[in-house]
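Structural features, examined
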Amino acid sequence: MGEKMYAVLKIFMTSNQEYLTAKEIKQQLETYHIYIERKNIYAIIAQINSFFYPIFHDNLIKSIQRGGNYLNLDYFEDGELQFLLDNITYHEDLNDKDKLSLKQKLLCFSSSIQQQRLIHNDTPSKTQTFSLLINLTTIMKAIEKEKVISFQYINYEIQEHHLVEVLSTHGNNNELYYMSPYRIISSNNHYYVIGYNQMHQNRLSVYRIDRMRSIQTVKNTYIDMSDELDVTSQVAKMTNMYTSNIDDTLKIKCDKHILREIVSHFGQDIYIEETHDGRYFITIEDTPISDGLIGWLMMLQNQVEVIAPLFLKEEMIKRLQLMIKQYED
């Protein structure tokens, strides 16, 4: 019966017709070398609905009088599926093969009619010398089983005016690195592994997973220093160059037309006053003062002015002066 249920479900999922009669289903089943009476098709549809009811809380396949049977539900809403597909498409660390595999698996849960509604975006082909998915899988299993991993870590050199990958020779054993992995995290659209490398005693090490090659588990002794080194408190600092340990009250003046940009960056929990010159005076409490914030403020150029804290304003002036000097020289 499982084979017949699968065949009937597949017929509904791949059909471009909105409705299918029992006669049409019977004819298509014969292409799968399944020969049954039309009355048995309704029993199979009832079994499919019974199987999926705990998931959807409704019948997956419904019928309309004199119209036939139709697929009532998709596993993903259109927006959910579009979001997942776009994140796969535009993830810069996924190679083309992994992107295709992930999309095909996702679309197995989508009807042909739903797929016609989706926007299928394509990005230029990008050659990757590694599989992010294999790297993630290997490290995740090592974390679960508390196994040491070995890997190579890449750097770049310029050859004939082009960048080429080269292996770093600063590992525990020349090109080979060893670490006891504790956690994988995602930051700035990249994955990082946090763990302990005996080469760097009394501190955690962090490696970007898309820069790791030839990852495998080894029989070295796993060292658990996660409690002593407090992984949780160091995760943000170690993985995000834009994160700061300094929080302060940020006060800025900005042009009205960039208010949406301000809200997108800080959220709506900000204090705003309108100034006499038609600009906004904005106060944001407990703001991390970091390189990322400075870069973002400088990107807005003269549309924003830092009022406080004073040390941030002075740092902005210093960097602007260095930029001016660079272009004057």
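Residues numbered from 1 in each chain as written. Predicted model: local features only at pLDDT ≥ 70, side-chain atom pairs only at ≥ 80, totals over all residues. Heavy atoms only, no water.

1. Side note on unusual backbone geometry
- Of note, the bond from Ala308 into Pro309 is cis; its omega dihedral lies within 30 degrees of zero at 5°.
- Mapping Pro309 onto the fold places it in the loop between strand S12 (304-308) and helix H12 (310-328).
- Not every positive phi belongs to a glycine, and Asn202 is a case in point at roughly 65°.
- Examined against the element boundaries, Asn202 turns out to sit in the loop between strand S6 (190-196) and strand S7 (205-208). (Helix = DSSP H or I, 4+ residues; strand = E, 2+ residues; numbered from the N terminus.)

2. Comments concerning helix H11 (residues 291-299)
- Considered for burial, the residues of H11 that qualify are Leu293, Ile294, Trp296 and Leu297. Summarising the axial view, the buried residues of H11 lie within an arc of 165°, below the 170-degree limit, and thus occupy one face.
- Downstream of H11 by one or two residues, Gln301 has phi in the positive range, about 55°. (Buried < 20%, exposed > 50% of the residue type's maximum accessible area, 1.4 Å probe, protein only. Arc of directions from axis to C-beta.)

3. Details of the packing of H11 against H12
- Between H11 and H12, the shortest axis-to-axis distance is 11 Å and the interhelical angle comes to 60°. With respect to each other, H11 and H12 are oriented oblique. Judged by the twist between their axes, the crossing of H11 over H12 is right-handed. The segment H11 lies against H12, with Asp291, Leu293, Ile294, Leu297 and Met298 engaging Leu312, Glu315, Met316, Arg319, Leu320 and Met323.
- Its residues assigned to classes, the contact of H11 with H12 shows eight nonpolar, no polar and three charged. (Axes fitted to C-alpha atoms, helices over the stretch in contact; angles between N-to-C directions. Parallel < 35°, antiparallel > 145°, perpendicular 65-115°, else oblique. Left-handed = near helix turned anticlockwise from the far one by under 90°. Contact = heavy atoms within 4.5 Å. Nonpolar A, V, L, I, M, F, W, Y, C, P; charged D, E, K, R; others polar.)

4. Focus on the pairing of strand S9 (residues 247-254)
- Judged from the seven bridges that link them, S9 and strand S11 (residues 280-288) form a sheet pairing that is antiparallel. Bridge pairing in S11 links Ile252 to Ile282.
- For S9 and S12, the ladder comprises four bridges, and the chain directions are antiparallel. Note on S12: the bridge partner recorded for Ile252 is Val306. (Pairing = 2+ DSSP bridges.)

5. Details of the environment of Asp224
- Considering the arrangement of structural elements, one finds Asp224 in the loop between strand S8 (212-218) and helix H8 (226-229).
- When its relative accessible area of 42% is taken as the criterion, Asp224 is described as partly exposed.
- On a C-alpha basis, the gap between Asp224 and Pro181 in space is 8.8 Å, while along the polypeptide they are 43 residues apart.
- Discounting residues that sit within four places of it in the chain, Asp224 has contacts with Glu146 and Tyr182.
- A distance of 2.6 Å separates the side chain of Asp224 from the side chain of Ser226, its partner in a polar contact. (Polar contact = N/O pair within 3.5 Å; in protein donor to acceptor, adjacent residues only side chain to side chain.)

6. Quick notes on a positive patch on the surface
- On the surface, a cluster of positive charge is contributed by Lys141, Lys145, Lys147 and Lys219.
- On the secondary structure map, Lys219 appears in the loop between S8 and H8.
- Using a relative accessible area of 87% as the deciding quantity, one classes Lys219 as exposed. (Patch = residues over 30% accessible without salt bridge, like charges linked within 9 Å, V, L, I, M, F, W, Y side chains within 5 Å. Areas by Shrake-Rupley, 256 points an atom, 1.4 Å probe, with all protein chains shown as cover. Salt bridge = Lys/Arg side-chain N within 4 Å of Asp/Glu carboxyl O. Lys, Arg positive; Asp, Glu negative; His and termini not counted. Charge placed at Lys NZ, Arg CZ, Asp CG, Glu CD.)

7. Points about the pattern of salt bridges
- As enumerated under the stated definition, the model contains eleven salt bridges in all.
- Notably, a salt bridge pairs Asp255 with Arg279, separated by 2.9 Å at the nearest N-O pair. With Asp255 in the loop between S9 and helix H10 (259-266) and Arg279 in the loop between strand S10 (271-274) and S11, this residue pair connects regions lying 24 residues apart in the sequence.
- As a salt-bridge pair, Glu315 and Arg319 come within 2.7 Å of each other at their nearest N and O atoms. Note that Glu315 and Arg319 are positioned in helix H12 at a spacing of four residues, about one turn of the helix.
- Note on Arg319: relative accessible area 27%, which makes it partly exposed.
- A single network of salt bridges, built from pairs that share partners, joins Asp74, Asp78 and Arg117.

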